[in-house]
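Report on the structure
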Amino acid sequence: MQPFKYIKVPDTPAAIRAAGINQAKFIAGGTNVLDLMKLDIEKPRQLVDINQLSLYKIEELQNGGIRVGALVKNSDLAYNPAIKKNYPLLSEAILSGASPQLRNMATTGGNLMQRTRCPYFYSTDFACNKRVPGSGCAAISGYNRMNAVLGTSDHCIATHPSDMCVAMAALGAVIHVQGAKGTRAIPFADFHLLPGQTPHLEHNLKADELITHVELPPLAYAARSHYLKVRDRASYEFALTSAAVALDIQNGIIKAARVALGGVGTKPWRSIAAEQVLTGLPPNTASYQKAADTAMLDAKPNKDNAYKIELAKRTLVRALTTTGEIS
Amino acid sequence: MNELTGKPIDRVDGRLKVTGGATYAAEFPVKNVAYGVTVTSTITKGRIKNIDTGAAGKMPGVLGIMTSENCMQLHFPAGSDPGAGKYAEKDLLPLQNDRVFYGGQHIAVVVAETFEQAEHAAAMVKVEYAEQTPVVGFEKNALTAYKPASGLGGAETQVKRGDADAAMQTAAVKTDATYTTPVFSHNAMEPHASLAVWEGDQLTVYDATQSVMGVKALLSAMLGVPAEKVRVIAHYIGGGFGSKGFTWANPFLAAMAARQFNRPVKIALARQQVYSTAGRRTQTSQKIALGADRSGKLLAVKHATISETSFVDEFVETAGVATPMLYSSPNVDVSHELVRLNRGTPCPMRAPGESVGTYSLEVAMDELAEKLNIDPLQLRLINHADTEEQKKKQFSEKSLKECYERGAKAIGWSNCPAKPGLTKEGRYLVGYGMATATYPANRSASSAKATLFADGHAEILCGTQDIGTGTYTIATQIAADAFGLPVDKVTVKLGDSMYPKGAQSGGSQVTASVGPPIRAAALGAVDKLITIAIADPGSPLHNQKREDIITGNGRIFLKDDANKGEPLVAVLSRKGLDKIEADAKTNVSTRPSLPAPAPAGSPEAKTEEESKTNMAVQEDENTDRSAYAFHSFGAQFVKVLVDPDLGTIKVDKIVGVMDIGKVMNLKTAVNQIKGGMIFGLGMALMENLQYDPNNGRIVTRDLVQYLVPVHADIPEIEVQFIDRPDLYISPLGARGIGEIGVTGMAAAIANAVYNATGKRIRDLPITPDKLIV
Ligand SMILES: Cc1cc2nc3c(=O)[nH]c(=O)nc-3n(C[C@H](O)[C@H](O)[C@H](O)COP(=O)(O)OP(=O)(O)OC[C@H]3O[C@@H](n4cnc5c(N)ncnc54)[C@H](O)[C@@H]3O)c2cc1C
Ligand code: SF4
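Residues numbered from 1 in each chain as written. Chains lettered and ligands numbered in written order. Predicted model: local features only at pLDDT ≥ 70, side-chain atom pairs only at ≥ 80, totals over all residues. Heavy atoms only, no water.

Per an unreviewed UniProt entry, chain B goes by the name Xanthine dehydrogenase family protein molybdopterin-binding subunit and belongs to Mucilaginibacter corticis.

Going by what an unreviewed UniProt entry lists, chain A is known as Xanthine dehydrogenase family protein subunit M and is assigned to Mucilaginibacter corticis.

1. Comments concerning the overall build of chain B
Along chain B, the regular secondary structure elements total 19 helices and 29 strands. Computed over its C-alpha atoms, the radius of gyration of chain B comes to 27 Å, within 12% of the 28 Å expected for a compact globule of 773 residues. C-alpha extents for chain B along the principal axes are approximately 85 × 70 × 50 Å. Put simply, chain B has 773 residues, and 63% of those count as buried. Sequence separation of at least 24 residues holds for 80% of the intrachain contacts in chain B that already meet a minimum separation of 6. For chain B, the accessible surface area stands at approximately 27,900 Å², while carbon and sulfur atoms represent 52% of it. Positive and negative side-chain charges of chain B, numbering 81 and 84 respectively, have mean locations separated by a distance of 1 Å. (Helix = DSSP H or I, 4+ residues; strand = E, 2+ residues; numbered from the N terminus. Rg over C-alpha atoms; globule rule 2.2 N^0.38 Å. Buried < 20%, exposed > 50% of the residue type's maximum accessible area, 1.4 Å probe, protein only. Contact = heavy atoms within 4.5 Å. Areas by Shrake-Rupley, 256 points an atom, 1.4 Å probe, with all protein chains shown as cover. Lys, Arg positive; Asp, Glu negative; His and termini not counted. Charge placed at Lys NZ, Arg CZ, Asp CG, Glu CD.)

2. Quick word on the overall build of chain A
In terms of helices and strands, chain A carries twelve helices and twelve strands. Relative to the compact-globule value of 20 Å for 327 residues, chain A shows a C-alpha radius of gyration of 19 Å, a close match. Its C-alpha atoms give chain A principal-axis dimensions of roughly 60 × 50 × 35 Å. Counting contacts in chain A only where the partners sit at least 6 residues apart, residues at least 24 apart contribute 64% of the total. Accessible surface, chain A: about 12,800 Å² in total, of which carbon and sulfur atoms supply 54%. Across chain A, the mean location of the 36 positive side-chain charges is 1 Å away from that of the 26 negative side-chain charges.

3. Brief notes about the interface of chain A and chain B
Each side of the interface is counted separately: chain A has 37 residues, and chain B has 36 residues. Carbon and sulfur atoms make up 56% of the area that chain A and chain B hide from each other, which totals about 3,000 Å². By the criterion of area lost to chain B, the three top residues of chain A are Asp125(A), Arg233(A) and Arg318(A), representing 23% of everything that side buries. Joining chain A to chain B, the criterion identifies five salt bridges. The partner of Arg697(B) in a salt bridge is Asp125(A), and the shortest N-O contact between them spans 2.7 Å. Within the residue set of the side of chain A that touches chain B, elements represented by two or more residues are β9 (225-230) and α12 (307-325) of chain A. (Buried area = accessible area lost by both parts, 1.4 Å probe. Salt bridge = Lys/Arg side-chain N within 4 Å of Asp/Glu carboxyl O.)

4. Quick notes on helix α11 (residues 400-411) of chain B
All names here are of chain B. Spanning twelve residues, α11 covers 16 Å between terminal C-alpha atoms, matching the ideal 16 Å at 1.5 Å per step. In this fold, the buried residues of α11 make contact with α10 (376-382), β18 (428-440), β27 (631-642) and β28 (649-659). In the stretch just after α11, Gly412 is the one whose phi turns positive, near 80°. (Expected span 1.5 Å × (residues − 1).)

5. Quick look at the domain arrangement of chain B
All names here are of chain B. Here chain B is described as being made up of domain 1 (372-441 + 627-773) and domain 2 (443-458 + 479-485 + 504-589 + 591-621). Taking only C-alpha atoms into account, the centre of domain 1 sits 40 Å from that of domain 2. Listed as interface residues are 13 residues of domain 1 and, on the opposing side, ten residues of domain 2. Carbon and sulfur atoms supply 62% of the area buried between domain 1 and domain 2, which totals about 850 Å² over both sides. Considering only the side of domain 1, the residues that lose the most area to domain 2 are Ile729, Pro731 and Leu732, jointly responsible for 46% of the buried surface there. The tally of links between domain 1 and domain 2 comes to zero salt bridges. Here domain 1 is connected to domain 2 by three residue pairs in polar contact (both at pLDDT 80 or more). (Domains from an automatic or database assignment. Polar contact = N/O pair within 3.5 Å; in protein donor to acceptor, adjacent residues only side chain to side chain.)

6. Some words on the nonpolar core
One finds Leu290(B), Trp413(B), Phe637(B), Val638(B), Phe721(B) and Ile749(B) to be the most contacted residues of the largest nonpolar core, which totals 97 residues. One finds Leu53(A), Val68(A), Leu205(A) and Val214(A) within the second-largest nonpolar core, a separate group that totals 52 residues. (Core = buried A, V, L, I, M, F, W, Y, C linked by side-chain atoms within 4.5 Å.)

7. Overview of the packing of helix α5 (residues 212-223) of chain B against helix α6 (residues 250-261) of chain B
Two packed helices can be described by the angle between their axes and the distance between those axes. Residue and element names in this part refer to chain B. Running from amino to carboxyl end, α5 crosses α6 at an angle of 50°, the nearest separation of the two axes being 11 Å. The angle between the axes of α5 and α6 places the two elements in the oblique class. Once α5 is placed against α6, the crossing between them reads as right-handed. For the pair formed by α5 and α6, the contact residues are Val215, Leu218, Leu219, Met222 and Leu223 on the first element and Pro251, Phe252, Ala255 and Met256 on the second. The residue makeup of the contact of α5 with α6, split by class, is nine nonpolar, no polar and no charged. (Axes fitted to C-alpha atoms, helices over the stretch in contact; angles between N-to-C directions. Parallel < 35°, antiparallel > 145°, perpendicular 65-115°, else oblique. Left-handed = near helix turned anticlockwise from the far one by under 90°. Nonpolar A, V, L, I, M, F, W, Y, C, P; charged D, E, K, R; others polar.)

8. Thoughts on empty space enclosed by the protein
The gaps left among the atoms become clear once a water-sized probe is rolled over them. Residue and element names in this part refer to chain A. Counted by the stated rule, this structure contains nine cavities of 30 Å³ or more. When its volume is computed, the largest cavity comes out at roughly 170 Å³. Lining the largest cavity are 20 residues, and of these Lys130, His160, Leu193, Glu202 and Thr266 lie nearest its centre. Of the residues assigned to the lining of the largest cavity, the class counts are ten nonpolar, seven polar and three charged. Considered as a void within the structure, the second largest cavity measures approximately 100 Å³ in volume. Its residues assigned to classes, the lining of the second largest cavity comprises seven nonpolar, three polar and one charged. (1 Å grid on protein atoms, 1.4 Å probe; cavity = no way out; pocket = protein on both sides within 12 Å on 5 of 7 lines; lining within 4 Å. Points joined across faces, edges and corners; volume = space filled by probe spheres on them.)

9. Section: the pattern of salt bridges
All names here are of chain A. Under the counting rule described, the total for this entry stands at 61 salt bridges over all chains. Notably, a salt bridge pairs Lys25 with Glu42, separated by 3.7 Å at the nearest N-O pair. In this pair, Lys25 sits in strand β2 (residues 24-27) while Glu42 sits in the loop between α2 (33-38) and β3 (46-49), placing the two residues 17 residues apart along the sequence. With relative accessibility at 32%, the residue Lys25 sits in the partly exposed group.

10. Some points on the UniProt feature "domain: FAD-binding PCMH-type" (unreviewed entry) in chain A
Residues given the UniProt feature "domain: FAD-binding PCMH-type" (unreviewed entry) here are residues 1-221 of chain A. Counting secondary structure, residues 1-221 of chain A comes out at 26% helix and 17% strand; the distance between its end C-alpha atoms is 47 Å. (UniProt positions renumbered as here; feature names shortened; annotations may be inferred.)

11. Regarding the site of ligand 1
The immediate surroundings of ligand 1 are formed by 35 residues, with Phe26(A), Gly30(A), Thr31(A), Thr107(A) and Asp163(A) found nearest. This site is not confined to one chain, since residues near ligand 1 come from chains A and B. Between an oxygen atom of ligand 1 and a main-chain N or O atom of Phe26(A), the distance comes to 2.6 Å. At 2.8 Å, a backbone N or O of Ala28(A) approaches an oxygen atom of ligand 1. (Near = heavy atom within 4 Å.)

12. Regarding the sheet that holds β2(A)
Residue and element names in this part refer to chain A. The three strands are arranged β1-β3-β2 in an open sheet whose pairing can be described as parallel. Only two strands of the sheet have a single partner each, and these edge strands are β1 (5-8) and β2. Adjacent strand axes in the sheet meet at a mean angle of 25°, parallel and antiparallel pairs treated alike. By the bridge criterion, four bridges tie β2 to β3 in an arrangement that is parallel. Among the inter-strand pairings, Ile27 is bridged to a residue of β3, identified as Asp49. (Pairing = 2+ DSSP bridges.)

13. Structural notes on the side chain of Asn688(B)
For Asn688(B), the position within the fold is in the loop between α17 (666-685) and β29 (716-721). Residue contacts for Asn688(B): discarding those within four places in its chain leaves Tyr143(A), Pro182(B), Val183(B), Phe184(B), Thr700(B), Tyr706(B) and Pro765(B).

14. What to know about the sheet that holds strand β13 (residues 284-292) of chain B
All names here are of chain B. Ordered by their spatial adjacency, five strands build an open sheet running β7-β15-β14-β13-β8, and the pairing between neighbours is mixed. Either end of the sheet is taken by a strand with one partner, and the two such strands are β7 (159-161) and β8 (173-181). Direction aside, the axes of adjacent strands within the sheet are offset by 10° on average. Pairing analysis gives nine bridges linking β13 to strand β14 (residues 298-309), with the strands arranged antiparallel. Note on β14: the bridge partner recorded for Gln286 is Thr305. Against the sheet, helix α9 (residues 354-372) touches β8, β13 and β14, its axis set at about 150° to β8.

15. Quick word on the environment of Ile94(A)
Residues and elements named next belong to chain A. Residue placement: Ile94 occurs in helix α5 (residues 88-95). The sequence separation of Ile94 and Asp232 amounts to 138 residues, and the corresponding C-alpha distance is 18 Å. Residues contacting Ile94, with those up to four places away along its chain left out, are Asn74, Leu77, Ala78, Arg103 and Met164.

16. Focus: the packing of helix α13 (residues 510-535) of chain B against helix α16 (residues 615-622) of chain B
It is the contact of α13(B) with α16(B), at a shortest axis distance of 8 Å, that shows an interaxial angle of 145°. Mapping the contact onto sequence places Pro516(B), Arg519(B), Ala520(B) and Leu523(B) in α13(B) and Ala616(B), Val617(B) and Asp620(B) in α16(B).

17. Thoughts on the pairing of β29(B)
Residue and element names in this part refer to chain B. Summarising the sheet, β28 and β29 pair through six bridges and their orientation is parallel. Paired with Lys653 across the two strands is Glu716, which belongs to β29. As for the winding sense of the linkage, the β-α-β connection from β28 through α17 to β29 is right-handed. (Right-handed = clockwise from strand over helix to strand, strands pointing away.)

In structure tokens, the structure reads:
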């Protein structure tokens, strides 16, 4: 690990000022950034501790949405009664990730920013375009059982690891950020970037910008929602595949749906095409299967991860089935 | 008197461990210690053209950088017996030349004032390589397989009985399939660590090892330091599972650097380095053919294993080791072949051989049962080996049939669906599976010293170690019984090469090996005390007969008249003695040959001399064992629930009934078996050390990528013991328990998954992707 300066900032303006200089990085829960630093994958000269900022609130908004501060701990968000009631898929997604200890440290902002678990990214003796732009991608011709099948490029096939983000993608959350030039609101779909030719660029956030909060829009039918995660062990493991779904069922017909997939995409993967397929169909296996086929239409397998295409479909069908059965 | 052995007493070191009071190798508070961090190779094969340490060497706090160009020369160690010290990579002594044989090999050590400084400087060392094309990929290189001359300690690797090929021709029912297992890592919680201190020409190394005696012998031989000038200490070890049985580079690098930079040096490996430099279980491909008559009686068993080893040593995973013995069959053919790859060297890992071998053999038995349309448990009974047919010996004690019976009852074997893939509980497919567990009972020559002090407490010294299994506790129970003292009056000291030579912690042999000399030494000390009392007119036992006197409750007294006697300490105080001590060595070994007697004049020779008059030793050594084969057995039963759509497996219940001789302590025994079963569950369902298919370096090199079971994976586990003492292995009757829990478990799970789904996965681990195709 490279030596670095550590500073604590009292408020958002101070955080933004400190962020612009000295290759600084924010540290929130530290559960990802410290690992990356220890392995010399990230080498900030300065760590800016933002834990004193007052971004800890979960507020119910007039419009029925919820505003989540960037420093809200994953555990606090998952167990928040309004979240559990209005957005069960988000609560379930968070609780399916990591371990209680990690969730007690991890923050909403940090989770949005967490980086891939592609094993080659973590091993500095391998080529990795994400870690060292232009060095190549060891995963494409290597061991890629855990890598992505959607949104990949010839330069990177890294899976986005977050569970929380899959649920937020389904909900169409909005990420609010603040930088030297003021505030911005970034729709969830625009926040994470596809790897393309620049896999080292992962998100739509400038160096001096701080995530201040995330707004979950009102979505009444999200009360009927679910997150399902399939993994190699029962807990404390990233997804092979996962699905976050919400269904608006009225009079035996799906009026509207939300579908997002995890474990398969290079970013949290919302499938609007699958949502459209579901709309107007009855809530049954045939409909769900059709949606699943649609969601995975563009999937591109590699040597070890072709199974993800079938598994993702089954995961989605199961998640929709379970959601459809919620009374 | 036998009051404490067998009792489920709490671990005597439990409090120390949970309060942080137990000191592990890297934790000894040595003054002025410097930190060593190794630089590891980033190529898989080749030569180091240049190591540029210029910039790194000038970084703050750096004391120096040790490379092959400036480090001391090492001598080649002799011998390969792990008990006497086995250097794991005989053709790759640390830093002795410029060659690279695998990715992540130690090539330099940066020593600095702090860990952070050393670690940062290590990243700044620039290495230039002349890279060569490595040999990568196990399957790809299977054709290069050769037959090794022998396995560890001269073990036979090619075993034949009768004519298996001919018998196979005549068999009415046959199976023939290949089973593959990936590389597994021990993943001991404590990474390998060594702390070396020179005081003049005296070297002390605090080491995470399963063999203080082995490390001492190797340090002496390889550094060229007289053995009496080397001391190795390992009071507590955070698990080894075999990875700390052989000795790897770490203690040498620490000792070399400590000498070179004239400071105590501590080296604790990073997890990534443990994966690359400190052993693993080899990958295997096992072809098993079984032939039986219509009644299910085995006529032929063929078990051909290919595994891999490195270019710097030869380790054979003897997957077929139990095959000639496990079932009755007139014809057996077991072979082992090796492929060399540019990987770090494999080594024993919890039940080396049996773990992967019982996976394939016991799945093959399940496949045969299905073809025969015979219940898998019934097939095992039909082929039960009443004697050890390969060695033509009796089993010293075998209650396997009882294990099957009790296990079947506990799991509810009668619920096992006869046809696979059809039975559901709710959404889940239900399956039951079983397998036989087996592990040899080993024992080797060991010594101990017992001392009774005038203040009434006793002490045992033994140069074995407690790698987390409970040896401190069991040794305390044994000694307390022999002294007739309560547990809290007995202190057991282990893990120091200054103590009398104890067994290496491997092969499930520690209790069987060190238990008898500990008992004998304690009985010897009591005997000396009684002799003094009988001769002492001041003693109430003056002129009594030796055989009429027994011990208990801290006293010696007449068997028939407990009132006639006195406290142990009274004898000492009357004589003005501050202590009385005895040494004992039991020269009993389950290996083919006994070690040579100790050199004349050595402390060990004195112990051998004293042991000649120790009744317990004599009785033990004079037991005729020649007619017996020593093996533990067990039956593993599993119930699984499989999600048919998602391929996820939930192990719902595990039952193991073990026949391991006498249970010395029910708590530590259950703990060992459960731990072994969980080890086996990991092996069956998730563990998998992956190498890059292109350059052969390890890909899944941390605990995020290499999965081990977590609590949520573990169901209710029921462990039962037959608890029948095996008095041929030792007077204590205990056969050892550390490894057998792993064996059979992967097969029982694989068989249960088959029973649930009708899918026979012959390639571990069984993950959802394999079940949904
Ligand atoms: C062993 C392990 C298992 C895990 N398993 C899972 C899992 O199964 N599922 C899952 O989803 N996750 C998993 N995680 C990841 C975990 O969710 C993330 O590490 C965590 O969410 C990161 O949050 P943090 O607050 O600790 O971030 P930090 O480590 O503090 O920061 C991470 C990044 O976010 C940036 N950052 C933090 N806050 C802000 C902000 N307000 N504005 C701008 N940038 C910011 C930091 O600069 C840094 O680059 C696992 C992690 C570990 C270590
Ligand atoms: S998939 Fe992406 S992260 Fe993984 S090695 Fe390739 S470039 Fe790096």
